[in-house]
Amino acid sequence: MHSPIFVSTLWAGVASALTLSPRSVCSTVSFTVSVTAQNGVYSGVPDPSNAEEIVSYVAAIFTGGYTSPVGSQTVSDSFTINGLYCKPLLAKSNKLQLLVHGLTYNKDYWVGLGFGNLYNWHTFANLHGYATLAVDRVGHGSNPQRPDPFNVVQGPVHIETLHQIIDQIRSSTTNPLGRTFDRIGYVGHSYGSFLGVGLAGQHPDDIDALILTGYSSTLNFTAAASFNFVPASALLPERFTEPLGYLTVGRESDRERAFYADAYDHSLPPADYDSQDTASDGEVAGMPTLFQPAVGFKKPVLVVTGVNDVLLCGQPLATCQSILEASSQLFPDAVHFESTAVPFTGHDLNLHYSAPATFERVNFFLDHYL
Ligand SMILES: *[C@@H]1O[C@H](CO)[C@@H](O)[C@H](O)[C@H]1NC(C)=O
């Protein structure tokens, strides 16, 4: 058995010899951002106080009733964005991975919902020398604000918010991290990946390497319809007090079918359902507009998606591989594009037994390209 005294003495020795921090440390950080964005204006929008209208509006988007925005409106607001920031033991000095979660999740996705280090993105990346920052997107997680779900919590606001956070990280030592980073790898999951593509298109110099997990350029809307989104505050009033346009997956079985497949710990989906976050009706309405080519984005791109991901890939392996390869069409100017289909794995890659293989794939890529 090791003694804690020996461990701390050892690390103290390493730290003084290499002038590095003594161990991987995580802390919560809080950004304040002023955002101006051009959000979409849509026709036939639901009455924000009518749950039934909201449910059928969102269901229609997934079953072929999608309509493009009829215009745009300027949204200007200030947001508090909370994050979990983890520093590595042996730092690759200036390199940060920015982790952005998908719909109905928050930054806890990246710690594997607390199910241990096997599923913890931060731990793996920190051991490989990267600092990591997982943020709660506007309207979600531990953030104090719950803005208008349809008019404010939309893709353009998320993209501008991420742009402002990156700007602070690159330019100001008075940012909440207390230092700057000049090499930033963006790592998205699902809707967080869709936003990464949008950010890459609109602010091509923000990101030095783009990692898209749970992603392809082909979203299966039929499969997505099985979310059966319902207002979170109507379903679980003891947990949610948000306006009705903040939605969540109504049934645990639907959630498991959409997000999990093949090789995973079956005690995860119930805990996942019990801790689920929300999707706003504005996020869902604008989702199809995020599948635009990131023209002018010149940096390397990696797509990593589960073979059994019913939303964005699909069996057999060769089919999934060709879907992922075809996603390179959205990156006409990228210097480099790679994709990997992870076998025995559904949409939530980090929550499957293959998680360490996914982590290794991404960190190996970043070692070469970030
Ligand atoms: C889309 O998902 C549905 C339902 O899961 C499935 O039946 C269908 O085969 C999928 N379509 C494609 C093109 O993969």
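Bear in mind that the values here come from a model prediction, so they are computed numbers and not experimental data. (Residues numbered from 1 in each chain as written. Predicted model: local features only at pLDDT ≥ 70, side-chain atom pairs only at ≥ 80, totals over all residues. Heavy atoms only, no water.)

### As for the state of the cysteines
Put simply, the test is: A pair of cysteine sulfur atoms is labelled a disulfide when the two atoms are within 2.5 Å. Helical segments are the DSSP runs of H or I of at least four residues, strand segments are the runs of E of at least two, and each set is numbered from the N terminus.
A full pass over the atoms with the stated rule returns 2 disulfides. Through a disulfide, C26 is tied to C86; the S-S separation comes to 2.1 Å. Across the S-S bond of C26 and C86 the torsion is about 110 degrees, and the bridge reads as right-handed. Placement of the pair is C26 in strand 1 (residues 25-41) and C86 in strand 2 (residues 71-87), with a sequence separation of 60 residues.

### Notes on the packing of aromatic side chains
Defined as follows: Each Phe, Tyr or Trp ring, with Trp reduced to its six-membered ring, pairs with another whose centre is within 6.5 Å; inter-plane angles below 30 degrees give stacked pairs, above 60 give edge-to-face pairs, and intermediate values give tilted ones. Summary of the burial criterion: residues with accessible area below 20% of their type's maximum are buried, those above 50% are exposed, and those between are partly exposed, where the area comes from a 1.4 Å probe applied to protein chains only. For a ring to carry a charge above it, either NZ of a lysine or CZ of an arginine must fall within 6 Å of the ring centroid while also lying within 35 degrees of the normal to the ring plane.
Under the definition given, this model contains 21 aromatic pairs. Ring centres of F62 and F221 lie 6.1 Å apart, and the angle between their planes is 40 degrees; on these two criteria the pair is classed as tilted. Highlighted residues: F62 in helix 2 (residues 51-62) and F221 in helix 6 (residues 221-224), separated in sequence by 159 residues. The class of F62 is buried, set by a relative accessible area of 5%. Between the aromatic rings of F62 and F227, the centroid separation amounts to 6.3 Å while the plane-to-plane angle is 70 degrees, which identifies the pairing as edge-to-face. Here F227 lies in the loop between helix 6 and strand 7 (229-231) and F62 lies in helix 2, a separation of 165 residues in the sequence. A single burial state applies to F62 and to F227, both of which are buried. Through a chain of ring-to-ring contacts, three or more aromatic side chains come together here, namely F62, Y105, Y109, W110, W121, F124, F221, F227, F229, F259 and F359. A cation over an aromatic ring shows up here: R255 above the ring of Y105, its NZ or CZ 4.7 Å from the ring centre.

### Digging into unusual backbone geometry
Q315 connects to P316 through a cis peptide bond whose omega is -5 degrees. Mapped onto the elements, P316 comes out in the loop between strand 10 (301-306) and helix 11 (317-326). The backbone of T104 shows a phi angle near 65 degrees, a positive value even though the residue is not glycine. Note on placement: T104 falls in the loop between strand 3 (95-100) and helix 3 (121-127). Among the residues examined, T104 registers a relative accessible area of 1% and is labelled buried. Although it is not a glycine, F344 adopts a positive phi angle of roughly 60 degrees. For F344, the location among the structural elements is in the loop between strand 11 (337-342) and helix 12 (355-369). For F344, a relative accessible area of 54% puts it in the exposed group.

### Observations concerning the pattern of salt bridges
Proximity of charged atoms lets side chains of opposite charge pair with each other. Rules: Throughout this description, the term salt bridge denotes a Lys or Arg side-chain nitrogen within 4 Å of a carboxyl oxygen of Asp or Glu.
With the rule as written, the count across this model stands at 10 salt bridges. Between E242 and R146 there is a salt bridge, with the nearest N and O atoms lying 2.7 Å from each other. With E242 in the loop between helix 7 (232-235) and strand 8 (246-249) and R146 in the loop between strand 4 (131-135) and helix 4 (155-171), this residue pair connects regions lying 96 residues apart in the sequence. Put simply, E338 and R361 hold a salt bridge, and the shortest N to O gap is 2.5 Å.

### As for the sheet that holds strand 7
Stated precisely, the cut-off is as follows: Strands are labelled as partners when DSSP assigns at least two bridges between them. Contact definition: two residues touch when any of their heavy atoms are within 4.5 Å. The axes are straight lines fitted to the C-alpha atoms, using for helices just the contacting stretch, and the angles between their N-to-C directions are given from 0 to 180°.
Reading across from one edge, 7-8-9 is the order of the 3 strands in this open sheet, with antiparallel pairing throughout. Where the open sheet ends on each side, the last strands, each with one partner, are strand 7 and strand 9 (279-280). Sheet topology note: the strand 7/strand 8 ladder contains 3 bridges and is antiparallel. Looking across to strand 8, one finds that V230 is bridged to T248. Its contacts with the sheet put helix 2 on strand 7 and strand 8, and the angle it makes with strand 7 is roughly 160 degrees.

### Some points on the sheet that holds strand 10
On the basis of which strands lie adjacent, the open sheet formed by 8 strands has the order 1-2-4-3-5-6-10-11 and mixed pairing. The open sheet has two free edges, formed respectively by strand 1 and strand 11, since each of these has just one partner strand. On average, each strand axis in the sheet is tilted by 20 degrees relative to the strand beside it, whichever way the strands run. Taken together, the 4 bridges between strand 2 and strand 4 define a ladder with antiparallel strand orientation. Each bridged residue has a counterpart across the sheet, and for C86 the counterpart in strand 4 is T132. Running at roughly 150 degrees to strand 11, helix 11 makes contact with strand 10 and strand 11 of the sheet.

### Concerning the confidence of the model for the chain
Here is the rule we go by: For every residue, the predictor assigns a confidence score, pLDDT, that lies between 0 and 100.
Per-residue pLDDT for the chain averages 93, and the proportion of residues at 70 or more is 94%. Here helix 1 (residues 4-18) is the element of the chain with the lowest mean pLDDT, 37, and strand 6 (residues 209-213) is the one with the highest, 99.

### Details of the UniProt feature "domain: AB hydrolase-1" (unreviewed entry) in the chain
Keep this limit in mind: UniProt positions are given in the numbering used here, feature names are shortened, and annotations may be inferred rather than shown by experiment.
Taken from the UniProt record, the annotation "domain: AB hydrolase-1" (unreviewed entry) applies to residues 98-359. When the span residues 98-359 is considered, its composition is 31% helix and 16% strand, and the gap between its end C-alpha atoms is 14 Å.

### Overview of the pairing of strand 5 (residues 183-189)
Short version of the rule: Convention used here: a crossover is right-handed provided that the path from the first strand, over the helix, to the second strand proceeds clockwise when the strands point away from the viewer.
Burial analysis of strand 5 places 6 of its 7 residues in the buried class, which makes it a mostly covered element. Each parallel crossover has a hand, and the one from strand 5 via helix 5 (residues 191-202) to strand 6 is right-handed.

### Considerations on helix 8 (residues 252-259)
Heads up, the condition is: This arc corresponds to the set of directions leading from the helix axis out to the C-beta atoms.
Within helix 8, the full set of buried residues consists of D254, R255, A258 and F259. The buried residues of helix 8 occupy an angular sector of 110 degrees when the element is viewed end-on, so they sit on one face. If you follow the buried residues of helix 8, they end up packed against strand 8 and helix 9 (268-274).

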